Structure formats: structure tokens, C-alpha cells
Amino acid sequence: MNQEEILEQLKSIVKPFVKNEEAFMNLNEETDFITDLQINSANLVDIVLDTEEAFDIEIDNQSMEKMLTIKAALEIINTKLAEKK
């Protein structure tokens, strides 16, 4: 799975929780889940759980706390996928 495929999968996970559609349309690595997409912290937990399921990975609490931007999420997903190999 390449970076673009991971990003597309992540976007499909995030989309149902987005409150700011314009920010979602302009989504990039610097996009912040809370300030840009206006996703609340409870929904952020749902996103983490959905991400774990979609990629068959386990995201620990320390990683979850860092997962505030698209870039951080991609780094965590890539790290967890690499650990599985």
C-alpha cells in the first residue's frame, strides 16, 4: 500500500466526521483534525478506532495523542504497518 492509497483510505475514514467541508476539500499533510476540519475529540477517538480496523493495526495511547494532523496520522499508520512486516 503506497502513501497515496493510505491517504485516500484515511480521507474516507475522516469524511463522516468533518464539520468544515471546505477544509476537507483542501486537505493536505498540514491539515489539523480539530482546528481545520472541526472534528471534536470524541470523534477523533472514532477515527482512531476506524483507522485501526481499516489498516489492521493497533494505535497505542501515546501515538493517539500525537495524531492531530494528517501528516502525524500518516506517519503513525506507516510506522505501525512497518512493524507488522
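A. Spotlight on the environment of Glu-83. Tracing the sequence through the fold places Glu-83 in helix 5 (residues 70-84). For Glu-83 and Asn-40, which are 43 residues apart along the polypeptide, the C-alpha to C-alpha distance reads 29 Å.

B. Summary view of the nonpolar core. By size, the foremost hydrophobic cluster in this structure holds 25 residues, and its most contacted members are Val-14, Phe-33, Leu-37, Ile-39, Ile-47 and Met-67. Those elements that provide at least two residues to this core are helix 1 (3-14), helix 2 (21-25), helix 3 (41-55) and helix 5. Per-element tally for this core: the top contributor is helix 5, with six residues.

C. Quick peek at the packing of helix 1 against helix 5. Relative to each other, helix 1 and helix 5 sit at 115°, their axes nearing to 11 Å. Crossing angle aside, the handedness with which helix 1 passes helix 5 is right-handed. Counted together, Gln-3, Ile-6, Leu-7 and Leu-10 of helix 1 and Ile-70, Ala-73, Leu-74, Ile-77, Asn-78 and Leu-81 of helix 5 form the full contact between these two elements. Across the contact of helix 1 with helix 5, the residue classes tally to eight nonpolar, two polar and no charged.

D. The pattern of salt bridges, seen in detail. Within this structure, the stated rule accounts for five salt bridges. Across the salt bridge formed by Glu-8 and Lys-11, the nearest N and O atoms sit 3.9 Å from each other. One end of the pair is Glu-8 and the other is Lys-11, both in helix 1 and three residues apart, which spans about a single turn. The partly exposed category is assigned to Lys-11, whose relative accessible area is 24%. The partner of Glu-21 in a salt bridge is Lys-15, with the nearest N and O atoms 3.5 Å apart. On the accessibility criterion, Glu-21 (38% relative accessible area) is partly exposed. Note on Lys-15: relative accessible area 40%, which makes it partly exposed. Salt bridges sharing common partners tie together Asp-60, Lys-80 and Glu-83.

E. View of unusual backbone geometry. Of note in the backbone geometry, Gln-38 takes a positive phi value of approximately 60° without being a glycine. Structurally, Gln-38 is set in the loop between helix 2 and helix 3. Phi is positive for Asp-56, which is not a glycine, with a value near 55°.

About the thresholds
Residues numbered from 1 in each chain as written. Predicted model: local features only at pLDDT ≥ 70, side-chain atom pairs only at ≥ 80, totals over all residues. Heavy atoms only, no water. Helix = DSSP H or I, 4+ residues; strand = E, 2+ residues; numbered from the N terminus. Core = buried A, V, L, I, M, F, W, Y, C linked by side-chain atoms within 4.5 Å. Buried < 20%, exposed > 50% of the residue type's maximum accessible area, 1.4 Å probe, protein only. Axes fitted to C-alpha atoms, helices over the stretch in contact; angles between N-to-C directions. Left-handed = near helix turned anticlockwise from the far one by under 90°. Contact = heavy atoms within 4.5 Å. Nonpolar A, V, L, I, M, F, W, Y, C, P; charged D, E, K, R; others polar. Salt bridge = Lys/Arg side-chain N within 4 Å of Asp/Glu carboxyl O.

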